[in-house]
Amino acid sequence: LDYFKENYDGALVNMPFVNSPINITRVEVWVTNKTGTTNDTRNIVSFLDLGETNGNIYNTQFTLSNGGIYPDNNAANDMFESLTNQFNGIRDINEVNSILSSQIGIGFLNGQDYEKLERARKLNEQEYSIHPKLGYISLNQALNNDEVLAVSYQYTYKGETYQVGEFSTDGVTGQDALFLKLLKST
């Protein structure tokens, strides 16, 4: 999301025209489930560095994969590939903390580098709005300090489609955790 933050002012130079090559076409927004609902809930693990480019990677274990020339996407750095190929068992929500804390040299901190949520709640489209060109989300209800906000999104850029995180329809099934982009931690 640093791409959107860094390009926000430039996209608004010629108001009311929004000068952005980005168009967000799909999004899922997930929050801490304080309501106790069982509809549209999933286990999630959200990561601060997922999809980051241009030197915005906070955990130095992960490096840029495409040289930072594209906006945020799962292939922007090698985190998503590492999570899906090297961290066996990380989709088991009960094993997340032990797997990430046992990896020597990574230095993952829960609440800073990642958040795990059991039965996170997916917001419906009436609970938020998104600006598809500027990449910002407005929630209709404020979050408490101890609540987590995470997203997955898909967008087009110069005719190509990119994605950050995983959607609930991407084939990750059952109790397996989805990997998402962390926007707000506890």
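Just so it is clear, the model here is predicted, and its values are computed rather than measured. Counting restarts for each chain: residues are numbered from 1 in the order of the written sequence. Since the coordinates come from a predicted model, pLDDT governs what is reported: local features require at least 70, and pairs of side-chain atoms require 80 or more to be given and counted, while whole-chain, interface and lining totals use all residues. Side-chain figures throughout are based on the complete set of non-hydrogen atoms in the structure, without hydrogens or water.

A. View of the pairing of strand 2 (residues 41–47). Counting buried residues in strand 2 gives 6 out of 7 residues, a clear majority hidden from the surface. As defined by bridge partners, strand 2 adjoins strand 3 (residues 114–122) across 6 bridges and the pair is classed as antiparallel. Bridged to Phe47 within strand 3 is Tyr114. By the bridge criterion, 4 bridges tie strand 2 to strand 8 (residues 178–184) in an arrangement that is parallel. Summary of the burial criterion: residues with accessible area below 20% of their type's maximum are buried, those above 50% are exposed, and those between are partly exposed, where the area comes from a 1.4 Å probe applied to protein chains only. Helix and strand labels come from DSSP, where a helix needs a run of H or I of at least four residues and a strand needs a run of E of at least two; each type is numbered from the N terminus. For two strands to count as paired, DSSP must find a minimum of two bridges between them.

B. Highlighting the nonpolar core. Definition of nonpolar core: a set of buried residues of the types Ala, Val, Leu, Ile, Met, Phe, Trp, Tyr and Cys, connected through side-chain atoms within 4.5 Å. Grouped together as the largest cluster of nonpolar side chains are 32 residues, with contacts concentrated most on Val45, Phe47, Ile90 and Leu100. Contributing elements (two or more residues each) for this core: helix 1 (2–11), strand 1 (22–31), strand 2, helix 2 (79–85), helix 3 (96–102), strand 6 (149–157) and strand 7 (160–164). In this structure, Ala120, Val148, Leu178 and Leu180 belong to the second largest nonpolar core, which totals 10 residues.

C. View of the packing of aromatic side chains. Each aromatic pair joins two rings of Phe, Tyr and Trp (for Trp, the six-membered one) with centres within 6.5 Å, and gets the label stacked for planes under 30 degrees apart, edge-to-face for over 60, and tilted for any other angle. Evaluation of the coordinates by the stated rule reveals 8 aromatic pairs. An angle of 80° between the planes, with centres 6.1 Å apart, marks the rings of Phe4 and Tyr155 as edge-to-face. Taken together, the residues Phe4 in helix 1 and Tyr155 in strand 6 connect sequence positions 151 residues apart. Put simply, the rings of Phe4, Tyr153, Tyr155, Tyr157 and Tyr162 pair up and form one aromatic cluster. Throughout this description, the term charge over a ring refers to an Arg CZ or Lys NZ atom that lies within 6 Å of the ring centre and within 35 degrees of the ring normal. The ring of Phe167 carries the charged tip of Arg26 above its face, separated from the ring centre by 3.8 Å. Arg91 extends its terminal NZ or CZ atom over the ring of Phe179, reaching a point 4.1 Å from the ring centre.

D. A look at unusual backbone geometry. In this structure, the amide linkage connecting Met15 to the following residue, Pro16, adopts the cis form with an omega of 10°. In this fold, Pro16 is placed in the loop between helix 1 and strand 1.

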